[in-house]
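Spelled out, the chains give:
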Amino acid sequence: RSSGLRIGIVGSRAGRDGTSDADAANLRRIMRQIEAAMPAFNLAPATAHLAAEIAAFEDDLPIAERVALIMLIASSIVALNEGSTRLPVSGPEAHDSLERILGAFVSDSGDLEVTAQVAALSDAIATMLDGGAAPSVIGRVPEDYRPLLYLSPYLYHQRIRAAEVRLADDLRPRLAPNAALASVSEIAAALTDIDDRPRCLAANKLTLSDSQRAAVRNVATRRISLVSGGPGSGKTSIVLAMVRLLVRLGIKPDEIALAAPTGKAAHRMGESIRDGL
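Residues numbered from 1 in each chain as written. Predicted model: local features only at pLDDT ≥ 70, side-chain atom pairs only at ≥ 80, totals over all residues. Heavy atoms only, no water.

Trainee: Is there a simple way to explain the overall build of the protein chain in this structure?
Mentor: Across its full length, the protein chain holds 10 helices and 6 strands. A compact globule built from 277 residues would reach a C-alpha radius of gyration of about 19 Å, whereas the protein chain, at 24 Å, exceeds it by more than 25%. The C-alpha extent of the protein chain, read off along each of the three principal axes, is 80 × 40 × 30 Å. Taking all 277 residues of the protein chain together, 38% fall into the buried category. Summed over its atoms, the accessible surface of the protein chain is roughly 15400 Å², and 53% of this surface lies on carbon and sulfur atoms. In the protein chain, the 31 positive side-chain charges and the 32 negative ones have mean positions that sit 7 Å from each other. (Helix = DSSP H or I, 4+ residues; strand = E, 2+ residues; numbered from the N terminus. Rg over C-alpha atoms; globule rule 2.2 N^0.38 Å. Buried < 20%, exposed > 50% of the residue type's maximum accessible area, 1.4 Å probe, protein only. Areas by Shrake-Rupley, 256 points an atom, 1.4 Å probe, with all protein chains shown as cover. Lys, Arg positive; Asp, Glu negative; His and termini not counted. Charge placed at Lys NZ, Arg CZ, Asp CG, Glu CD.)

Right, here's the structure in full:
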């Protein structure tokens, strides 16, 4: 379906490498579009060229497939920068995440309406992935050592997935249940006391939802607890309540360790804990 990638790719006199002058000019134009979109994702414009350099490991691709591969790699870099270790790229799960990014890449191209261009790109990417194209860049089984791994319906950066697997293997034994710090009734009473005396963050009173309460309760039965979620999902509220619960169950503050994956996140968590306590 590569011919359906209607982003201004046209035939012309071919050069020695099989790429026409028009194709080369069109590719430069597309790269400029991707460059222009990158700052909206808090990435440098040069990120577009990183995607192109990775795509260059596959040196025998028709121009339409090369464009699709560059767009796919650039999209995966955007997703990674946004905090996702994988990007859904096929099936219904890909509709929102992949098409949102592709839409930004083609929004100012001026050739066709964005919806049509995104649909064409999505089709080209799906065809490339399903057909096993770009094997020098995209692996298809977990053991492949390639820059990217397509494990349907997700695309991973191989090094990030390897790190994630190592982390999971390291955490798994630590996540096993251990003896509870207190009885069920004592834990329930401590949670009730936390609810009855809510803390505030930036003048906002913290109240826990049922799912947040379940996460907080979990800290009393595990040696380690992991809290994840996007901005505004209540991570800080949960961590603050966990600290308060542990203290109520007899754990000294200096026996509680908190960690975050980045220095910025750790600093923010420390500020919030000090503010909330």
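Let's pick the thread back up.
Trainee: I keep staring at the pairing of strand β3 (residues 148-151) and nothing clicks. Help me out?
Mentor: Where a strand is regular, its side chains alternate between the two sheet faces. Covered by surrounding structure in β3 are L148 and Y150 together with L149 and L151, the residues of both alternating faces. Bridge analysis of strand β2 (residues 138-139) against β3 gives 2 bridges, and the strand direction is parallel. Opposite G139, over in β3, you have L149 as the bridge partner. As paired strands, β3 and strand β4 (residues 154-157) are joined by 4 bridges and run antiparallel to one another. Residue pairing in the sheet places Y150 in a bridge with L155 of β4. Taking the residues between adjacent antiparallel strands as the criterion, β3 and β4 are bridged by 2 residues. (Pairing = 2+ DSSP bridges.)

Trainee: When you look at the sheet that holds β3 in this model, what are you seeing that I'm missing?
Mentor: Where strands meet in a sheet, backbone hydrogen bonds hold them as pairs that are either parallel or antiparallel. If you walk across this open sheet you meet the 4 strands as β1-β4-β3-β2, and the pairing is mixed. The strands lining the two open edges of the sheet, one partner per strand, are β1 (86-88) and β2. On top of the sheet, helix α3 (residues 63-81) reaches β1, β2, β3 and β4; it is set at about 75 degrees to β4, its chief contact. (Contact = heavy atoms within 4.5 Å. Axes fitted to C-alpha atoms, helices over the stretch in contact; angles between N-to-C directions.)

Trainee: Sorry, what's going on with unusual backbone geometry here?
Mentor: Glycine aside, a negative phi is what most residues show, and trans is what most peptide bonds show. Residue P153 is reached from S152 by a cis peptide bond, and omega for that bond is 5 degrees. Even without being glycine, A134 reaches a positive phi, approximately 55 degrees. Along the chain, A134 turns up in the loop between α5 (114-130) and β2.

Trainee: So what exactly am I meant to see when it comes to the packing of aromatic side chains here?
Mentor: Think of a pair of aromatic rings as described by two things: how far the centres are apart, and how the planes are tilted against each other in angle. According to the stated counting rule, one finds 2 aromatic pairs in the structure shown. Their ring planes at 80 degrees and their centres at 6.2 Å tell us that F41 and F105 sit as a pair that is edge-to-face. Of this pair, F41 sits in the loop between α1 (21-37) and α2 (47-55) while F105 sits in helix α4 (residues 94-106), and the two are 64 residues apart along the sequence. Accessibility assignment for this pair places F41 and F105 in one class, buried. Between Y154 and Y156, the ring centres sit 6.4 Å apart and the planes meet at 65 degrees, which makes this aromatic pair edge-to-face. Classification of Y156 as buried rests on a relative accessible area of 10%. (Phe/Tyr/Trp six-rings, centres within 6.5 Å; stacked < 30°, edge-to-face > 60°.)

Trainee: Just checking my understanding: could you explain the nonpolar core for this structure?
Mentor: Inside soluble globular proteins, nonpolar side chains tend to come together where they are buried. Counting 46 residues, the largest nonpolar core has I34, L69, M71, I73, F105 and I138 as the members making the most contacts within it. Elements supplying a minimum of two residues to this core: α1, α2, α3, α4, α5 and β3. At 12 residues, the largest contribution of residues to this core is made by α3. Setting aside its immediate chain neighbours within four residues, F105 contacts Q33, I34, A37, M38, F41, M71, A74, S75 and V78. One finds L208, V216, V219 and A220 within the second-largest nonpolar core, a separate group that totals 15 residues. (Core = buried A, V, L, I, M, F, W, Y, C linked by side-chain atoms within 4.5 Å.)

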